[in-house]
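Inside the fold
Below are the chains, spelled out letter by letter.
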Amino acid sequence: MSEDTPKADKPGSSRAPSSETRFWNDPAKRALIFQALLIGIIGFFLFSIVSNTLNNLETRGITTGFGFLTDEAGFSIPLSLIDYTAADSYGRTFIVGLLNTILVSVLGIIAATLLGFVMGVARLSDNWMIAKLSTIYIEIFRNIPLLLQMFFWYFAVLRSLPSPRQSIEFLGSFLNVRGLSVPRPVAEEGLGMVFWAFVVAIVLSLILVRWAHRRQDATGQIFPSGWASTGLILGLPLLTFVIMGAPLSLDAPQLRGFNFTGGMTLMPELVALWLALTIYTSTFIAETVRGGILAVPKGQLEAASALGLPKTRTLRLIVIPQAMRVIIPPLTSQYLNLTKNSSLATAIGYPDLVSVFAGTTLNQTGQAIEVISMTMAVYLTLSLLTSLFMNWYNKRMALVER
Amino acid sequence: MKYAIEAALPPPPNTVGVLGWMRRHLFNGPLNSVATLVIGFLAVYWLIPVVQWMLIDADWVGESREACTSGGACWVFISTRLDQFLYGFYPSGEYWRLNLSFIMLAILTAWLMLPNMPFKGWASFLTLVIYPIVTFYLLTGGAFDMPAVDTHLWGGFSLNLILAVIGIVAALPFGILLALGRRSEMPIVRSLSVVYIEIWRGVPLITVLFMASVMLPLFFPEDISFDKLLRAMIGIILFQSAYMAEVVRGGLQAIPKGQYEAADALGLSYWKKMIMIILPQALKMMIPGIVNTFIALFKDTSLVVIIGLFDLLAIVQAASNDPDWIGYATEGYIFIALMFWIFCFGMSRYSQHLERLLHTGHGGRN
């Protein structure tokens, strides 16, 4: 780097160059020269990398380009959310892997959020034992590498489960070494109506909440809109469900020979990955939640109780909105971390993006540069989207100061 | 009228002592009492078999799996292979070299971490400059009468430590430069730093390791070749310096504006201002952040198993697949978990302690 950068760190402190300043003492010119030099160095560096790479690829007989994406893949993937056979293209393996990554991330995010909120609140509980147990849970699982937890669940727990014939049975589900077989819900005639009832209920409760707000503004009377809309959202679809004659049947898994047919089987790799991601991330979410709740100043609680607000309403109107403002940005980055961590799937053989695309496809085609860049681009896009969301959220939530 | 002070009444019996404590902390209200009983029962119910298996029924001494007869945990699996788990395939006559470098590291870190130790400037110089050079010769050998030890023999827990320490120490200077770049007023420098930082922070470490192991050899002329460990290290350092940059930026932002302005008013040049005024104060603020990134990196060093290095996890995994010891993977995992946990928990406690210290000591950051 240069001897001196142009200005100090803060705007407004720059020194205007006097007329007799030599050009190497003029901060603006110096910055220009320095930046030109930097571009030159980086450009040379990139150029040598590219030319070396092209040379190396040539000697190894690898052609560059994305043409390989349309070639036939020729390997099968044990879990796919879309139709996929070995005859499909490499491009399709990318989609399959991406969808599997999204599947486990979404499952993990839902479970980790629930568990994390419970644990975070439990750590603040005034019940000594609950608080201590939750502290122990958090401190243990936060400080053990995720990969180890994954290996533990996969190799030590799920791999040592009994064979399908000796499955552990509970609630119509079967747990064995081949995974978790659960009944599959099968939609029948009329389920669409239930869905529409659900949509109608949501719209109705939105209208209800607006009406309740307006009434409270006008008269000061409080309408229990929370309970009413919960009842509406749960009740209306349920009512339709009963009226339509329960248009949903369960396809229960059946033991046939050595394996289960019917139902839905979660592969053990998915279960292990899901468990490990959930438990590991939930400890970080719990700490975020705890921090958020503690960040609400004590004066707010005192003010609420001075106003005579009951405990539940204090929580709903005072604590949660202020805590969420603090919680949501780190929470989103935990979600991003979980998604990135799901790439460890490759170590236990869950067919996620890294395992399928940067693993098998890379090994079969040898297109290291293209494959790795595409994989990195996916994660990069996700993280840029997350930070865009966070910026938007922070701007929306920023305190309006006078 | 005469007023006499009466002796205070004794406190109600159920607010003091063990009973009172339990009443206040465990049974204050019907809901809490039920929760205490149910959760307490579940915890004990689950804990008893675990303790039974791990400690009471366990086998501790022996030479082979024949010693494990009691049905509990078989810690013999760990004790017979402890050397391998800790030192990998490093020649056993040379273990002292690893030990010596870790002891030196422990002394230096203690020197840096404990408050009120003199000559901290010298200690950081030793840690950041002299120590890496000494350790390099100590570990690789080939000089001063020490036989050379090829890096493919490195492994076990010492490999995790080496990777994490090198990752942090080497990433620190890059991180400082990147953070300064990100706060610079030169548009090109700033945007290059931002792009670098955001790219590396946006991708998972595992793709970085993949990249380092398959793409890195393509980037250099054919006559330059890296061994596997060096490739992993380059990947880790590139990745870690982006995280380090964010930690450093946090520290720089915590320095009051007046410090920058005072340095400018004295007419100090940019580098003098940074090196003599800003960075010394900022680095102190950054220590908790650095410790936290170190914890994260330390846990992540277990990922190198995926590119075929034999760290602790990989070596235990391989050992539990050994036909002589099949079926003892759980003991192995518990051992690894304990090793990592002790280090990570200890460090996280230290960083929390430091954060509290900094918060009170530097209350006036206006």
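This structure is a prediction, so every number in the text was calculated from the model and none was measured.

**As for the environment of Pro268(A)**
Residues and elements named next belong to chain A. Structurally, Pro-268 can be placed in helix α7 (residues 268-294). According to the relative accessible area criterion, Pro-268 is buried, its value standing at 6%. In this structure the C-alpha to C-alpha distance between Pro-268 and Ile-293, which are 25 residues apart in sequence, comes to 36 Å. If sequence neighbours within four positions are ignored, Pro-268 has contacts with Tyr-154, Leu-158, Arg-159, Val-177, Arg-178 and Gly-179.

**Some thoughts on the pattern of salt bridges**
Should their charged atoms come close, side chains of opposite charge can pair. Residue and element names in this part refer to chain A. Taken as a whole, this structure holds eleven salt bridges over all chains when the rule is applied. One salt bridge in this structure joins Glu-287 and Arg-123, with 2.7 Å as the shortest N-O distance. Here Glu-287 is found in helix α7, whereas its partner Arg-123 is found in helix α2 (residues 90-123), with 164 residues between them in sequence. Arg-123 sits in the buried class, given a relative accessible area of 15%.

**Focus on the domain arrangement of chain B**
In many analyses, interface size is given as the accessible surface area lost on bringing the parts together. Residue and element names in this part refer to chain B. By domain assignment, chain B separates into domain 1 (15-57), domain 2 (91-148) and domain 3 (157-361). The straight-line distance from the C-alpha centre of domain 2 to that of domain 3 is 19 Å. Listed as interface residues are seven residues of domain 2 and, on the opposing side, eight residues of domain 3. Of all residues in domain 2, Phe-102, Met-113 and Leu-128 give up the largest surface area on contact with domain 3, accounting jointly for 62% of the area buried on that side. At the boundary of domain 2 and domain 3, one finds zero salt bridges. Contributing elements (two or more residues each) for the side of domain 2 that touches domain 3: α5 (95-113) and α6 (120-140). No other element matches the four residues that α5 contributes to the side of domain 2 that touches domain 3. Across the side of domain 2 that touches domain 3, the residue classes break down as seven nonpolar, no polar and no charged.

**Remarks on the domain arrangement of chain A**
Domain annotation of chain A identifies domain 1 (29-60) and domain 2 (90-165 + 268-397). Here the C-alpha centroids of domain 1 of chain A and domain 2 of chain A sit 39 Å apart.

**As for the sheet that holds strand β2 (residues 173-176) of chain A**
All names here are of chain A. Pairing is antiparallel across the open sheet formed by four strands, whose spatial order is β1-β2-β3-β8. Where the open sheet ends on each side, the last strands, each with one partner, are β1 (168-170) and β8 (264-266). Neighbour-to-neighbour, the strand axes of this sheet turn through a mean angle of 20°, independent of strand direction. Looking at chain direction, β2 and strand β3 (residues 179-182) are connected through three bridges and run antiparallel. In the strand pairing of β3, Leu-175 is matched with Leu-180.

**Regarding the interface of chain A and chain B**
Counting residues at the interface gives 62 residues for chain A and 66 residues for chain B. Between chain A and chain B, the buried area comes to about 5,600 Å², and carbon and sulfur atoms account for 69% of it. Run the count over chain A and chain B and you get one salt bridge. For the salt bridge of Arg349(B) with Glu139(A), the shortest nitrogen-to-oxygen distance reads 3.5 Å. Between chain A and chain B we count 14 residue pairs in polar contact (both at pLDDT 80 or more) in total. Every element with two or more residues in the side of chain A that touches chain B is listed here: α1 (27-60), α3 (128-142), α4 (146-157), α7, α10 (353-365) and α11 (368-397) of chain A. With 14 residues, the top contributor of residues to the side of chain A that touches chain B is α1(A). Partitioned by chemical class, the residues of the side of chain A that touches chain B number 37 nonpolar, 15 polar and ten charged.

**Topic: the nonpolar core**
Ranked by internal contacts, the top residues of the largest apolar core, which has 162 residues, are Phe85(B), Leu252(B), Phe298(B) and Leu312(B). The contact partners of Leu252(B), leaving out residues within four places of it in the chain, are Ala179(B), Leu180(B), Arg183(B), Tyr260(B), Ile278(B), Leu279(B) and Ala282(B).

**Side note on the environment of Asn14(B)**
All names here are of chain B. Position of Asn-14 among the secondary structure elements: in the segment before α1 (17-25). Each C-alpha atom of the pair Asn-14 and Arg-24 lies 9.2 Å from the other, and the pair is ten residues apart in sequence. Setting aside its immediate chain neighbours within four residues, Asn-14 contacts Gly-20 and Arg-23.

**Some remarks on the side chain of Thr135(A)**
Residue and element names in this part refer to chain A. For Thr-135, the position within the fold is in helix α3. What makes Thr-135 buried here is its relative accessible area of 18%. In terms of polar contacts, Thr-135 uses its side chain to reach the side chain of Arg-123, at 3.3 Å.

**Describing the packing of α3(A) against α7(A)**
Each packed pair of helices is defined by two parameters, the angle between the axes and the distance between the axes. Residue and element names in this part refer to chain A. Interhelical geometry of α3 versus α7 gives an angle of 125° and a closest axis separation of 9 Å. The pairing of α3 with α7 is recorded here as oblique in orientation. Two packed elements cross with a definite hand, and for α3 against α7 that hand is left-handed. Across from Tyr-137, Ile-138, Phe-141 and Arg-142 in α3, the residues of α7 making contact are Ile-279, Tyr-280, Ser-282, Thr-283, Phe-284, Ala-286 and Glu-287.

About the cut-offs
- Residues numbered from 1 in each chain as written.
- Chains lettered and ligands numbered in written order.
- Predicted model: local features only at pLDDT ≥ 70, side-chain atom pairs only at ≥ 80, totals over all residues.
- Heavy atoms only, no water.
- Helix = DSSP H or I, 4+ residues; strand = E, 2+ residues; numbered from the N terminus.
- Buried < 20%, exposed > 50% of the residue type's maximum accessible area, 1.4 Å probe, protein only.
- Contact = heavy atoms within 4.5 Å.
- Salt bridge = Lys/Arg side-chain N within 4 Å of Asp/Glu carboxyl O.
- Domains from an automatic or database assignment.
- Buried area = accessible area lost by both parts, 1.4 Å probe.
- Nonpolar A, V, L, I, M, F, W, Y, C, P; charged D, E, K, R; others polar.
- Pairing = 2+ DSSP bridges.
- Axes fitted to C-alpha atoms, helices over the stretch in contact; angles between N-to-C directions.
- Polar contact = N/O pair within 3.5 Å; in protein donor to acceptor, adjacent residues only side chain to side chain.
- Core = buried A, V, L, I, M, F, W, Y, C linked by side-chain atoms within 4.5 Å.
- Parallel < 35°, antiparallel > 145°, perpendicular 65-115°, else oblique.
- Left-handed = near helix turned anticlockwise from the far one by under 90°.

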